[in-house]
Amino acid sequence: MNRPFQLEAETSLGPPSNIPTQSNGLVRDISKTSSHTKALLYEWSEHERSERAIPSYLREVYSWAYLNPCNARLLDCEAVVATLLWGNNSRLRRALLAEIGAGERVLQAAHVYGRLIPDVARVVGLAGHLDVIDVVPLQVALCRLKLRPFSNARARVGDATQPGDPIYDTVSCFFLLHEIPDELKRAVVDALLSRLAPGGKAVFIDYHKPHWSHPLKGITSLVFDSLEPFAKGLWQKEISQFASGSGEFVWNKETYFAGLFQKVVARRTAEPSSWK
Ligand SMILES: C[S@@+](CC[C@H](N)C(=O)[O-])C[C@H]1O[C@@H](n2cnc3c(N)ncnc32)[C@H](O)[C@@H]1O
């Protein structure tokens, strides 16, 4: 869907500048507005509602990274992702792309800075479809800019705990779980697994507990303690342990960079009990 107003308008808390407002900022009598303006107003109230739906953990911990429009634009590049992942960005992106086939229906559970999203759209190809959800409207707007050249992909505001009704061949969860409080990790894992068709797979790529002798374990631990308070949940538990119906899946885990990162693939072997 074409957005009738620009990124700037989407990222500020107020109606788009082309909507007639009074001096106190309130929107003028809607009955006197054109149908185009009504459409804009509708878009704006949707935007405002979804701004309010942003989870408290995200506001409290990650506001600087995902809600601040200036920072978000600066951070949204591959060099930043490469730095955060100690140069493993390409390798981990390839590990995800290797799990996705042309023509598949794919759900990407959150926007990711850098080139990963368009790369997924490219691999899925015209015969397939990519849905990206993100709980932050600004992130959805950034994602839509990247997806402009792709008619097979769309981005919408959505929470990974409630990804909607569609069923997918592959669900990708790339470095999202470590940013989610432990009590919500289960809700995210369960919700994403519930969207898989029989034979479909969920791919979780994220941090993993490295060996005690890993030279970067100490610094990673310090960074987690100061900036990523929910990340160590992935050091304490396997991702499969966050799944309520783990028996309906075949689980495979690979680690990277001497155990600092992991790829966990859960392939659905049986129909979920809720479908029967
Ligand atoms: C994928 S994660 C971390 C990725 C990594 N730091 C990067 O971008 O390179 C970041 C995204 O997750 C989104 N997010 C956080 N909680 C979410 C949730 N419950 N549902 C959907 N998206 C969520 C944030 O808005 C943000 O855009």
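Keep in mind that what you see is a predicted model, and the values were worked out from it rather than measured.

(A) Inspection of the nonpolar core at higher detail. Core analysis: the biggest nonpolar cluster contains 58 residues, and Ala 109, Cys 173, Leu 176, Leu 192 and Ala 202 have the highest contact counts within it. Every residue in contact with Ala 109, bar those within four places of it in the chain, is listed here: Ile 133, Ala 160, Pro 163, Val 171, Ser 172, Cys 173, Leu 176 and Leu 192.

(B) Spotlight on the site of the ligand. The environment of the ligand is made up of 20 residues, and the closest members are Ala 110, Tyr 113, Val 136, Gln 139 and Ala 160. Of the residues in the shell around the ligand, the class split is 14 nonpolar, three polar and three charged.

(C) Representation of helix H7 (residues 89–97) in the model. By the burial criterion, the buried members of H7 are Asn 89, Leu 92, Arg 93 and Leu 96. Seen from one end, H7 has its buried residues packed into an arc of 100°, which puts them on one side. Every exposed residue of H7 that faces more than 90 degrees away from the buried side is listed here: Arg 91 and Arg 94. Residues of H7 that are buried make contact with helix H6 (78–84), helix H8 (116–124), strand S4 (168–174), strand S5 (196–207), strand S6 (249–256) and strand S7 (261–268).

(D) Highlighting the pairing of strand S1 (residues 105–108). Pairing analysis gives four bridges linking S1 to strand S2 (residues 129–134), with the strands arranged parallel. Paired with Arg 105 across the two strands is His 129, which belongs to S2. Of the strand pairs in this sheet, S1 and S4 are connected by three bridges, and their pairing is parallel. Looking across to S4, one finds that Val 106 is bridged to Thr 170.

(E) Layout of the confidence of the model for the chain. Of the residues in the chain, 80% have a pLDDT of 70 or more, and the chain-wide mean is 86. Across residues 1–33 the pLDDT falls below 50, and counting only partners more than four positions away or on other chains, this stretch makes 44 contacts in the model.

(F) Local environment of the environment of Val 188. Residue placement: Val 188 occurs in helix H10 (residues 182–193). For the pair Val 188 and Pro 163, spaced 25 residues apart in sequence, the C-alpha to C-alpha distance is 9.0 Å. Val 188 has contacts with Ala 160, Thr 161, Leu 177 and Ile 180, leaving out every residue within four places of it along the chain.

(G) Broad picture of the packing of H8 against helix H9 (residues 137–147). Interhelical geometry of H8 versus H9 gives an angle of 45° and a closest axis separation of 9 Å. Relative to H9, the element H8 lies oblique. Crossing hand, H8 versus H9: right-handed. Seen from H8, the contacting residues are Ile 117, Pro 118 and Ala 121; seen from H9, they are Cys 143, Lys 146 and Leu 147. Classifying every residue of the contact of H8 with H9 gives five nonpolar, no polar and one charged.

Conventions we followed
- Residues numbered from 1 in each chain as written.
- Predicted model: local features only at pLDDT ≥ 70, side-chain atom pairs only at ≥ 80, totals over all residues.
- Core = buried A, V, L, I, M, F, W, Y, C linked by C-beta atoms within 7 Å.
- Buried ≥ 20, exposed ≤ 12 C-beta atoms within 10 Å, placed from the backbone.
- Contact = placed C-beta atoms within 7 Å.
- Near = placed C-beta within 6 Å.
- Nonpolar A, V, L, I, M, F, W, Y, C, P; charged D, E, K, R; others polar.
- Helix = DSSP H or I, 4+ residues; strand = E, 2+ residues; numbered from the N terminus.
- Arc of directions from axis to C-beta.
- Pairing = 2+ DSSP bridges.
- pLDDT = per-residue confidence, 0-100.
- Axes fitted to C-alpha atoms, helices over the stretch in contact; angles between N-to-C directions.
- Parallel < 35°, antiparallel > 145°, perpendicular 65-115°, else oblique.
- Left-handed = near helix turned anticlockwise from the far one by under 90°.

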